[in-house]
Amino acid sequence: MFKKFFKFLYGYVIIEIYGMDTERFVNICMRRGIEVWGTVPVENGIRLVIFRNDFFRIRSIARKCRVKVTVKKKCGLNHTFNMYRKRYAMFAGIVICVAICVVSSRFVWLVEINGVQNSDINGIIETLDKLGIKNGALKSKIPEGMEIKRAIISENDNIAWAWLYIEGAKARVEIYEQTIPPEIIDKDTPCDIVAACDGSIQRMIVRNGEEIVQVGDAVSSGDVIVSGKVAAYKEGSPESYIYVHSMADVMAYTSHKKSGDYKLYYESRTPTGKRRNMYSLEFFGKIYTLPFKGISYDNYDTSEKRTEITVPFFGYTGIAFDIVSYSEVTVAREPLDMETALEFAKNDLEEKISKELTAGSTLLSENTEYVKTDDETINVTLEMNFTQNIAVERPLGGGDENKGEEIFDKQTD
């Protein structure tokens, strides 16, 4: 790499040698200290490269070897400068472009937010707007990183960390969201045990609370199985209750059913090689779409590519090109036999049912049924039966919990 740079700096000439003694010509050049490289044979001669300063030294060698020398190309910094030295408009354009890059690099022309999946993106954008981080904002007026971080975290839920990176004319905001753990009720908070889903109770182990249902009873989702409101009085005494944190394992027989429509064929998409592109220019926050005639393809795939213009030491200049490519494809249908189609459908329905199960569920049985709705579609229904722990804690809606706990303490004493 450095050799190429210095060769360009010194300048070099690509020449072709014709005659009977071309090999002798090369040998004499090397003997006299003239560096020769890139030697390749051509019709009736050879092509080689020498430094620009050595070109005038080969005249005597050419006469001595009776060969003809032809210059094919001149390269180097000096040659390039001589070629363009009178093109004043070009130099003026370069100066103007550099000036635009320098001035535009003082502003933000693109705000990029990364890492948002579950949070409200609009809320983050509003927070950034309040802080002055938007297209056209002067970078010198943007608050410090810690202030931006505190504002984003405090004004938006589920965000653990945030930071702003300035890259030329682009402001890149990196967001790290919190991993939301399952809701766990504090052991001192009174609660009921309710059913997570419909089922028939097979076994109950109650460690705290009052049973509302018995083994063999059918419950619906949300029904109270074990109450945290426990009576603490005898017959003839005024009613009084204590409120406890119910704890129980409730194993129940549950049935989950899902259905959906599935095709009896598989589609394969093969590119034809035809493509049409839609070009857009983003210029300092404004997007200009070039004329586009539209798409005449019946089937096509879409892809997008963005190219940002960056300059060394300045970074992103505020200018970018967007290309949306529409590639024509031929769609071929490959028929599936009923067994394969049912296997695909079953896997999909099992995945949907698995999202409804609690940890430790045991599969007892399953049944798959299908109905052919037309020549290309079947409706598949999957029913899966489990034994699962349907106990879910739910805080009590009210009551004098502290008073109840005091009554309970006195009775145990």
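Residues numbered from 1 in each chain as written. Predicted model: local features only at pLDDT ≥ 70, side-chain atom pairs only at ≥ 80, totals over all residues. Heavy atoms only, no water.

Caption draft 1: Seen up close, a nonpolar patch on the surface. A grouping of Phe-5, Phe-6, Phe-8, Leu-9, Tyr-10 and Leu-77 is seen on the molecular surface, where their side chains present a nonpolar patch of about 590 Å² in accessible area. Within the element layout of this structure, Tyr-10 appears in helix 1 (residues 2–10). (Patch = residues over 30% accessible without salt bridge, like charges linked within 9 Å, V, L, I, M, F, W, Y side chains within 5 Å. Areas by Shrake-Rupley, 256 points an atom, 1.4 Å probe, with all protein chains shown as cover. Salt bridge = Lys/Arg side-chain N within 4 Å of Asp/Glu carboxyl O. Helix = DSSP H or I, 4+ residues; strand = E, 2+ residues; numbered from the N terminus.)

Caption draft 2: Structural context of the side chain of Arg-172. Within the element layout of this structure, Arg-172 appears in strand 9 (residues 170–177). On the basis of relative accessibility, which here comes to 18%, the residue Arg-172 falls in the buried class. There is a polar contact of 2.7 Å between the side chain of Arg-172 and the side chain of Glu-167. A distance of 2.7 Å separates the side chain of Arg-172 from the side chain of Glu-174, its partner in a polar contact. Setting aside anything within four residues of it in sequence, one finds Arg-172 in contact with Glu-112, Asn-114, Trp-163, Leu-164, Tyr-165 and Glu-167. (Buried < 20%, exposed > 50% of the residue type's maximum accessible area, 1.4 Å probe, protein only. Polar contact = N/O pair within 3.5 Å; in protein donor to acceptor, adjacent residues only side chain to side chain. Contact = heavy atoms within 4.5 Å.)

Caption draft 3: Molecular detail of the pairing of strand 10 (residues 191–195). Most of strand 10 sits out of view: 5 of its 5 residues are buried. Both faces of strand 10 are covered, namely the face carrying Cys-191, Ile-193 and Ala-195 and the face carrying Asp-192 and Val-194. With 5 bridges connecting them, strand 10 and strand 24 (residues 391–395) associate as antiparallel partners. By the bridge assignment for strand 24, Asp-192 is matched with Arg-394. With 2 bridges connecting them, strand 10 and strand 14 (residues 224–227) associate as antiparallel partners. Opposite Ile-193, over in strand 14, you have Val-226 as the bridge partner. (Pairing = 2+ DSSP bridges.)

Caption draft 4: View of the sheet that holds strand 11 (residues 199–208). Ordered in space as 13-11-17-23-22, the 5 strands form an open sheet in which the pairing is antiparallel. Each edge of the open sheet carries a strand with a single partner, namely strand 13 (218–219) and strand 22 (362–372). Here strand 17 (residues 247–263) runs beside strand 23 (residues 377–389); their pairing, made up of 13 bridges, is antiparallel. Looking across to strand 23, one finds that Lys-258 is bridged to Leu-382. Along the sheet face, helix 8 (residues 338–354) touches strand 17, strand 22 and strand 23 and points at about 40° away from the line of strand 23. (Axes fitted to C-alpha atoms, helices over the stretch in contact; angles between N-to-C directions.)

Caption draft 5: Structural context of the nonpolar core. Among the nonpolar cores identified, the biggest contains 17 residues, and Phe-25 and Leu-48 are the most heavily contacted of them. Listed by contribution, the elements that provide at least two residues to this core are strand 1 (12–18), helix 2 (22–31), strand 3 (45–51) and helix 3 (59–65). Ranked by the residues each element gives to this core, the list is headed by helix 2, at 4 residues. In this structure Phe-25 touches Ile-17, Ile-58, Ile-61, Ala-62, Cys-65 and Val-67, once residues within four positions along its chain are discounted. Among the nonpolar cores identified, the runner-up in size contains 15 residues, and Ile-124, Leu-128, Ala-151 and Ala-171 belong to it. (Core = buried A, V, L, I, M, F, W, Y, C linked by side-chain atoms within 4.5 Å.)

Caption draft 6: The sheet that holds strand 10, seen in detail. Taken together, 4 strands build an open sheet; the order of strands is 12-14-10-24 and the sheet is antiparallel. Both outer strands of the open sheet, strand 12 (210–211) and strand 24, are each paired with one neighbouring strand and no more.

Caption draft 7: Representation of the packing of helix 6 (residues 121–130) against helix 7 (residues 145–155). At a minimum axis separation of 10 Å, helix 6 and helix 7 run at an interaxial angle of 145°. Taken as a pair, helix 6 and helix 7 cross one another with a handedness that is right-handed. Across from Thr-127, Leu-128 and Lys-130 in helix 6, the residues of helix 7 making contact are Ala-151, Ile-152 and Glu-155. Counted by class, the contact of helix 6 with helix 7 contains 3 nonpolar, 1 polar and 2 charged residues. (Left-handed = near helix turned anticlockwise from the far one by under 90°. Nonpolar A, V, L, I, M, F, W, Y, C, P; charged D, E, K, R; others polar.)

Caption draft 8: Here's a closer look at the packing of aromatic side chains. Applying the stated criterion across every chain, the model contains 9 aromatic pairs. Residues Phe-107 and Trp-109 carry aromatic rings whose centres are separated by 5.8 Å and whose planes lie at 35° to one another, so their mutual orientation is tilted. Clustering of aromatic rings is evident, with ring pairs tying together Phe-107, Trp-109, Phe-283 and Phe-284. In this arrangement the basic side chain of Lys-229 is found over the ring face of Tyr-241, its NZ or CZ atom lying 4.5 Å from the centre. The positively charged end of Arg-333 is found above the aromatic ring belonging to Tyr-265, 4.1 Å away from the centroid. (Phe/Tyr/Trp six-rings, centres within 6.5 Å; stacked < 30°, edge-to-face > 60°. Lys NZ or Arg CZ within 6 Å of the ring centre and 35° of its normal.)

Caption draft 9: Inspection of a positive patch on the surface at higher detail. A contiguous patch of positive charge on the surface is contributed by Arg-24, Arg-31, Arg-32 and Lys-64. Examined against the element boundaries, Arg-24 turns out to sit in helix 2. Under the relative-accessibility criterion, Arg-24 is labelled partly exposed at 37%. (Lys, Arg positive; Asp, Glu negative; His and termini not counted. Charge placed at Lys NZ, Arg CZ, Asp CG, Glu CD.)

Caption draft 10: Geometry of the layout of surface pockets. Roughly 180 Å³ of volume is contained in the second largest pocket. In this structure, the second largest pocket is lined by Tyr-12, Val-13, Arg-52, Phe-55, Phe-56, Val-71, Lys-74, Cys-75, Asn-78, His-79 and Asn-82. Among the elements of the structure, strand 1, strand 4 (68–75) and helix 4 (77–84) are those that each provide at least two residues to the lining of the second largest pocket. Looking at the lining of the second largest pocket residue by residue, the classes come out as 6 nonpolar, 3 polar and 2 charged. (1 Å grid on protein atoms, 1.4 Å probe; cavity = no way out; pocket = protein on both sides within 12 Å on 5 of 7 lines; lining within 4 Å. Points joined across faces, edges and corners; volume = space filled by probe spheres on them.)

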